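Architecture at a glance
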Amino acid sequence: MKKVNELTTLKMVEEFLENHELSFLYVSTPECSTCHAILPKVRELLDQYPLIHLGHIDARQVEEVAEKFLILTAPIMLLMINQKEYLREDRFVRFGRLEEKLGTIYEMYTQ
């Protein structure tokens with residue numbers, strides 16, 4: 001499964017985005033059962049995309065993340081390319097559709 005980078009401050013989030021052209025941010029909260037169920041599936045899905053780095057943010061611990069990325073619910077998944085948002089999915093994830101979108105963007109970016 002894809003390695004998860006735990007990002008515990010806004011500065012860590014910003015550095016993560018600066019250091020990885022292709023970043024996937026997974027924002028969750030500790031009490032969210034949906035968040036806990038989806039993360040392993042996201043890790044498995046991202047195994048197909050070796051250039052994408054996965055960062056996990058606990059929205060309760062890094063409260064500023066909600067304002068920075070306009071987050072209203074959890075979980076939120078953001079695909080960032082060169083620090084710009086290219087894809088946003090929320091708690092009602094259709095993994096087939098997410099995989100199609102990721103594949104298309106990844107292919108366009110890596111060729």
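Fair warning: this is a prediction, and the values are worked out from it, not measured in the lab. (Residues numbered from 1 in each chain as written. Predicted model: local features only at pLDDT ≥ 70, side-chain atom pairs only at ≥ 80, totals over all residues. Heavy atoms only, no water.)

Another aspect to go through is the side chain of Ser-23. Along the chain, Ser-23 falls in strand β2 (residues 22–28). The buried category is assigned to Ser-23, whose relative accessible area is 0%. Polar side-chain contacts of Ser-23 include one of 2.9 Å to the backbone oxygen of His-20. Once you skip the residues sitting within four places of it in the chain, Ser-23 turns out to touch Phe-16, Leu-17, Ile-52, His-53, Leu-78, Leu-79 and Met-80. (Helix = DSSP H or I, 4+ residues; strand = E, 2+ residues; numbered from the N terminus. Buried < 20%, exposed > 50% of the residue type's maximum accessible area, 1.4 Å probe, protein only. Polar contact = N/O pair within 3.5 Å; in protein donor to acceptor, adjacent residues only side chain to side chain. Contact = heavy atoms within 4.5 Å.)

This part is about helix α4 (residues 95–110). Compared with the 22 Å implied by 1.5 Å per residue over 16 residues, the 21 Å span of α4 between its first and last C-alpha is a close match. Along α4, the positions that sit buried rather than exposed are Leu-98, Leu-102, Gly-103, Ile-105 and Tyr-106. Looking at the buried positions of α4, the neighbouring elements they touch are β2, α2 (33–46), β4 (76–81) and β5 (84–89). (Expected span 1.5 Å × (residues − 1).)

Turning our eyes to something else, we now look at the pattern of salt bridges. Evaluation of the coordinates by the stated rule reveals six salt bridges. A salt bridge links Lys-68 to Glu-14; the shortest N-O distance between them is 3.7 Å. Of the two residues, Lys-68 sits in helix α3 (residues 64–69) while Glu-14 sits in helix α1 (residues 10–19), which places them 54 residues apart along the sequence. A salt bridge links Glu-89 to Arg-97, with the shortest nitrogen-to-oxygen separation between them at 3.8 Å. Residue Arg-97 is classed as partly exposed on the basis of its relative accessible area of 38%. Because the salt bridges share partners, they merge into one network encompassing Glu-89, Arg-97 and Lys-101. (Salt bridge = Lys/Arg side-chain N within 4 Å of Asp/Glu carboxyl O.)

The subject of this paragraph is the nonpolar core. Ranked by size, the top nonpolar core spans 23 residues in total, and within it Phe-24, Tyr-26, Val-42, Leu-46, Ile-52 and Leu-102 carry the most contacts. Looking at this core, the elements that each hand over two or more residues are β2, α2, β4 and α4. Counting residues per element, this core draws most heavily on α2, which supplies six residues. In this structure Leu-102 touches Phe-24, Leu-45, Leu-46, Tyr-49, Ile-52, Leu-79 and Leu-87, once residues within four positions along its chain are discounted. Val-13, Val-27, Phe-69 and Leu-78 belong to the second-largest nonpolar core, a separate cluster that totals 15 residues. (Core = buried A, V, L, I, M, F, W, Y, C linked by side-chain atoms within 4.5 Å.)

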